[in-house]
Amino acid sequence: MTADARFEPTWESLAQYAVPPWFKEAKLGIFIHWGVYSVPGFANEWYARNMYQQGSAEFQHHVAAWGEHTQFGYKDFIPMFTAENFDPEAWIDLFKRAGAQYVVPVAEHHDGFAMYDTAFSEWNAAQMGPKRDVVAELAAAARRHGLTFGVSNHRAEHWWFFDGGQKFPSDVQDPRYDAFYGPAVEASPNASFTSAEWTSQDWRPRPNAKFLDEWLARCCELVDKYQPQVFWFDWWIEQAVFEPYLQKFAAYYYNHVTDPVLQYKLEAFPVGTALLDVERGKLSAIRPDYWQTDTSVSYKSWCYVADDHFKSVATLVHDLVDIVSKNGNLLLNVGPKPDGTIPAEASERLLGLGEWLHINGEAIYGTRHWHTFGEGPTTVGGHMREHEDKPFTAQDVRFTARDGALYAIALGWPGDSAVIQSLRTGSALAAEQILSITMLGSDESLTWSQADDGLHIATPSTPPCVHAFTFKITLK
């Protein structure tokens, strides 16, 4: 337990919380979606639900590939989830080479299959499938190599996740599997999930006390067993019925773990009581309260699927830079294959990001946002809006600051010279304050001048890296 167990389960008490310095310095973490859903490797990590939704592509694929749902249900993928090539040391080595400072595996997804040795269900990776406590092994490897460890818990959505299997003959209705598929209560008010239903904070029927009590107990179990310094929740905890349970858990977590980071989406927690997480999107401006984006190296799915579409290294670099300039962190997801190998496309992207950080990390780690996040023509959206984003250009510049230096990061090669309009004569940075200007990764001396239209900087004869280019403006 922390030295001062001062938190009580009220919003007023939880408002004492402050995001710890280590998290603000880390900037980059790795998210891991690995579970039974990687075995079918089709569509996305919601296969477990959608294979029971009649008429869906997953339903049709399942019948064609695996047979009728009474003969082969989701549970039957578990023996195929063997993880024979799972090597936590190799995973952590890759994440370190990518430049990550913390790692957050999914401890339990909506499907209800725990990736750790839980006392609340036999349906877990320590007793079935891999027969290994995946969370424990990753925690040990991460800490051995100096990475901070966290977990995510998505169990809230399990209340309704398998409801489709109640509407036609399937193994969901077999009482032998109640402990896995249950409660499978029909989603409110149906399975179509219109936008209004997704944003409702009062789905009916509400989770009952039994479900909520166990949800809280499972969360506390993760805290007790693994002491995660990051605890990440998905969106459905925003339901009003969860509020007292969120208060109880937050107080328990803050009182039992040193320098914890508790993450939420949308409006599940009041501002200042935990850390806001924006899924697959970025903010348009600096947020005074620290925050985080979670997104993936690929577009289609959080978990492994056979035909995923991967982002470019440039996109990942640009996302990281844009987020850090606006007072946030990036939690970047990978989805390993069912045998425990990380897809080559994902590894290549992570290593590419690491190569950029090897040269430019000085402008990322331990920095803070400046007076303005940057300039340029490209705008970005918010939560679940990354598919609308346009590529950044050389005219897009982002700022960070630390240790007497201002970093201006151009998100494309500026050519023979860069003109940074935000640093023009009369701006927050006067020419008299500038000691020197260099580009990270280059030994060349750079000439510069300040004018009414901006700060003009001659670029090196050869770009020192790819994807984004950092001018270090050392101040007197």
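In what follows, the accompanying structure is described. (Residues numbered from 1 in each chain as written. Predicted model: local features only at pLDDT ≥ 70, side-chain atom pairs only at ≥ 80, totals over all residues. Heavy atoms only, no water.)

1. Focus: the overall build of the protein chain
So, point 1. A count of helical and extended segments in the protein chain gives twelve helices and 16 strands.
So, point 2. The C-alpha atoms of the protein chain give 24 Å as radius of gyration, which agrees with the globular expectation for 476 residues (23 Å, within 12%).
So, point 3. Principal-axis analysis of the C-alpha atoms places the extent of the protein chain at approximately 75 × 50 × 45 Å.
So, point 4. With 476 residues in all, the protein chain has 59% of them scored as buried.
So, point 5. Put simply, of all contacts in the protein chain between residues at least 6 apart along the chain, 71% involve residues at least 24 apart.
So, point 6. Summed over its atoms, the accessible surface of the protein chain is roughly 18100 Å², and 51% of this surface lies on carbon and sulfur atoms. (Helix = DSSP H or I, 4+ residues; strand = E, 2+ residues; numbered from the N terminus. Rg over C-alpha atoms; globule rule 2.2 N^0.38 Å. Buried < 20%, exposed > 50% of the residue type's maximum accessible area, 1.4 Å probe, protein only. Contact = heavy atoms within 4.5 Å. Areas by Shrake-Rupley, 256 points an atom, 1.4 Å probe, with all protein chains shown as cover.)

2. Quick look at the side chain of His 69
So, point 1. Within the secondary structure, His 69 sits in the loop between helix H4 (57-66) and helix H5 (88-97).
So, point 2. With relative accessibility at 1%, the residue His 69 sits in the buried group.
So, point 3. In terms of polar contacts, His 69 uses its side chain to reach the backbone carbonyl oxygen of Met 51, at 2.5 Å.
So, point 4. Aside from chain neighbours lying at most four places away, what touches His 69 is Met 51, Tyr 52, Phe 59, His 62, Val 63, Phe 168, Pro 169, Ser 170 and Asp 171. (Polar contact = N/O pair within 3.5 Å; in protein donor to acceptor, adjacent residues only side chain to side chain.)

3. Thoughts on the environment of Gly 41
So, point 1. Along the polypeptide, Gly 41 turns up in the loop between strand E1 (28-32) and helix H3 (47-50).
So, point 2. The class of Gly 41 is buried, set by a relative accessible area of 8%.
So, point 3. Residues Gly 41 and Ser 301 lie 260 residues apart in sequence; the distance between their C-alpha atoms is 9.7 Å.

4. A word on the sheet that holds strand E12 (residues 417-420)
Note: strands within a sheet are paired through backbone hydrogen bonds, in either parallel or antiparallel orientation.
So, point 1. In spatial order, the strands read E12-E15-E14; together these three strands make up an open sheet with antiparallel pairing. Strands at the two margins of the open sheet, each flanked by one partner only, are E12 and strand E14 (448-451). On average, each strand axis in the sheet is tilted by 15° relative to the strand beside it, whichever way the strands run.
So, point 2. Judged from the four bridges that link them, E12 and strand E15 (residues 454-458) form a sheet pairing that is antiparallel. The residue bridging Ile 420 from the neighbouring strand is Leu 455, located in E15. (Pairing = 2+ DSSP bridges. Axes fitted to C-alpha atoms, helices over the stretch in contact; angles between N-to-C directions.)

5. Comments concerning the packing of helix H9 (residues 209-226) against helix H10 (residues 243-256)
So, point 1. One can describe the packing of H9 onto H10 by two numbers: an axis separation of 10 Å at closest approach and a directional angle of 15°. Our classification of the angle between H9 and H10 gives roughly parallel. Considering how the two elements wind past one another, H9 and H10 form a crossing that is right-handed. For the pair H9 and H10, contact is made by Ala 209, Leu 212, Asp 213, Trp 215, Leu 216, Cys 219, Cys 220, Val 223 and Asp 224 and by Tyr 245, Leu 246, Lys 248, Phe 249, Tyr 252, Tyr 253 and His 256, respectively.
So, point 2. Classifying every residue of the contact of H9 with H10 gives twelve nonpolar, one polar and three charged. (Parallel < 35°, antiparallel > 145°, perpendicular 65-115°, else oblique. Left-handed = near helix turned anticlockwise from the far one by under 90°. Nonpolar A, V, L, I, M, F, W, Y, C, P; charged D, E, K, R; others polar.)

6. Some details on the sheet that holds strand E9 (residues 374-375)
So, point 1. What the five strands build is an open sheet, ordered E9-E10-E11-E16-E13; its pairing is antiparallel. Of all strands in the sheet, those bounded by a partner on one side alone are E9 and strand E13 (434-439).
So, point 2. In terms of strand pairing, E9 meets strand E10 (residues 397-402) through two bridges, oriented antiparallel. Each bridged residue has a counterpart across the sheet, and for Glu 375 the counterpart in E10 is Val 397.
So, point 3. Running at roughly 55° to E10, helix H11 (residues 313-325) makes contact with E10 and strand E11 (405-410) of the sheet.

7. Structural notes on unusual backbone geometry
So, point 1. The amide bond that connects Gly 182 to the next residue, Pro 183, takes the cis arrangement and shows omega of 5°.
So, point 2. Residue placement: Pro 183 occurs in the loop between helix H7 (178-181) and helix H8 (195-199).
So, point 3. With an omega dihedral of -10°, the bond running from Arg 204 to Pro 205 counts as a cis peptide bond.
So, point 4. If you trace the backbone, Pro 205 turns up in the loop between H8 and H9.

8. Things to note about the packing of H11 against helix H12 (residues 344-360)
So, point 1. Contact pair H11 / H12: the axes reach a minimum separation of 9 Å and the direction vectors enclose 50°. In terms of their interaxial angle, H11 and H12 are classed as oblique. Where H11 crosses over H12, the two elements pack in a sense that is right-handed. Within the contact between the two elements, H11 uses Val 313, Leu 316, Val 317, Leu 320 and Val 321 and H12 uses Glu 348, Arg 349, Gly 352, Leu 353, Trp 356 and Leu 357.
So, point 2. Here the residues of the contact of H11 with H12 are counted per class, giving eight nonpolar, one polar and two charged.

9. Observations regarding the pattern of salt bridges
One side chain can pair with another of opposite charge once the charged atoms of both are near each other.
So, point 1. A full pass over the atoms with the stated rule returns 26 salt bridges.
So, point 2. One continuous salt-bridge network, built from bridges that share partners, spans Glu 108, Arg 155, Glu 214 and Arg 218. (Salt bridge = Lys/Arg side-chain N within 4 Å of Asp/Glu carboxyl O.)

Structural measurements only, silent on function.
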